[in-house]
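Here is how the chains run, residue by residue.
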Amino acid sequence: QKEVEQDPGPLSVPEGAIVSLNCTYSNSAFQYFMWYRQYSRKGPELLMYTYSSGNKEDGRFTAQVDKSSKYISLFIRDSQPSDSATYLCAMLDSGTYKYIFGTGTRLKVLA
Amino acid sequence: DTAVSQTPKYLVTQMGNDKSIKCEQNLGHDTMYWYKQDSKKFLKIMFSYNNKELIINETVPNRFSPKSPDKAHLNLHINSLELGDSAVYFCASSQEPPGQGNQPQHFGDGTRLSIL
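Residues numbered from 1 in each chain as written. Chains lettered and ligands numbered in written order. Predicted model: local features only at pLDDT ≥ 70, side-chain atom pairs only at ≥ 80, totals over all residues. Heavy atoms only, no water.

> So what's going on with the sheet that holds strand 8 (residues 73-78) of chain B? Residues and values would help.
Residue and element names in this part refer to chain B. Taken together, 4 strands build an open sheet; the order of strands is 1-3-8-7 and the sheet is antiparallel. The open sheet terminates on both sides in strands that have one partner only, identified here as strand 1 (4-7) and strand 7 (64-70). Ignoring which end each strand starts from, the neighbouring axes of this sheet average 20° apart. Pairing analysis gives 5 bridges linking strand 7 to strand 8, with the strands arranged antiparallel. Note that in strand 8 the partner of F64 across the bridge is I78. (Pairing = 2+ DSSP bridges. Helix = DSSP H or I, 4+ residues; strand = E, 2+ residues; numbered from the N terminus. Axes fitted to C-alpha atoms, helices over the stretch in contact; angles between N-to-C directions.)

> Tell me about the state of the cysteines, residues and numbers included.
Residues and elements named next belong to chain B. Using the criterion set out here, one finds 2 disulfides over all chains in the structure. The disulfide bridge from C23 ends at C91, spanning 1.9 Å between sulfur atoms. The disulfide joining C23 to C91 has a torsion of about -80° about its S-S bond and is therefore left-handed. Pair noted here: C23 is in strand 3 (residues 19-25) and C91 is in strand 9 (residues 87-94), with a separation of 68 residues, a long-range link. Judged on exposure class, the residue C23 and its partner C91 are both buried. (Disulfide = S-S within 2.5 Å. Buried < 20%, exposed > 50% of the residue type's maximum accessible area, 1.4 Å probe, protein only.)

Following this line, the structure appears as structure tokens:
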């Protein structure tokens, strides 16, 4: 079993929809959580990062962390075709001090 | 004005050759990383340097040798390239090492290595 599980998709939604992207993890040593967006042939671009359980909002993006369930989510409101990309979750293992990445979910927002 | 820049963007070469990839960051960060992203988009840490000192050295073949001449640069030299080395290699940087301050990483756009 991978340390971080993420549905690869693709996830196709109409423009304007609310998108929910999720990751689950198994290691309780994971303490710091990030979401990256990766366009084709580009590097991962940091969207959100958070340490604690709860919600963090930034514009159309909301990151949610539930440490008790070992579950994190990224919500995108009013999705746009320009949001079409692969979304990677990442976590810091506080035991090994390494960042562990999910395999990414491919999102397509249809105009 | 690119924060983390890698060269070259594309590298096509024959099996058995030796090649280098260069990375530079202008963010003033102390820590730099090399990641390998395979065809399934899985990003895996290879090495990390903090202020020119190696702090993470994953189980990678010793054909891969990183070098950090200063804290703004981290290069990756690969000897005797093999077919399985084909991947995208990403450089990243962060203000501090993982576990100190927990600042996120910033990535370059990758070097696409293809072995013929």
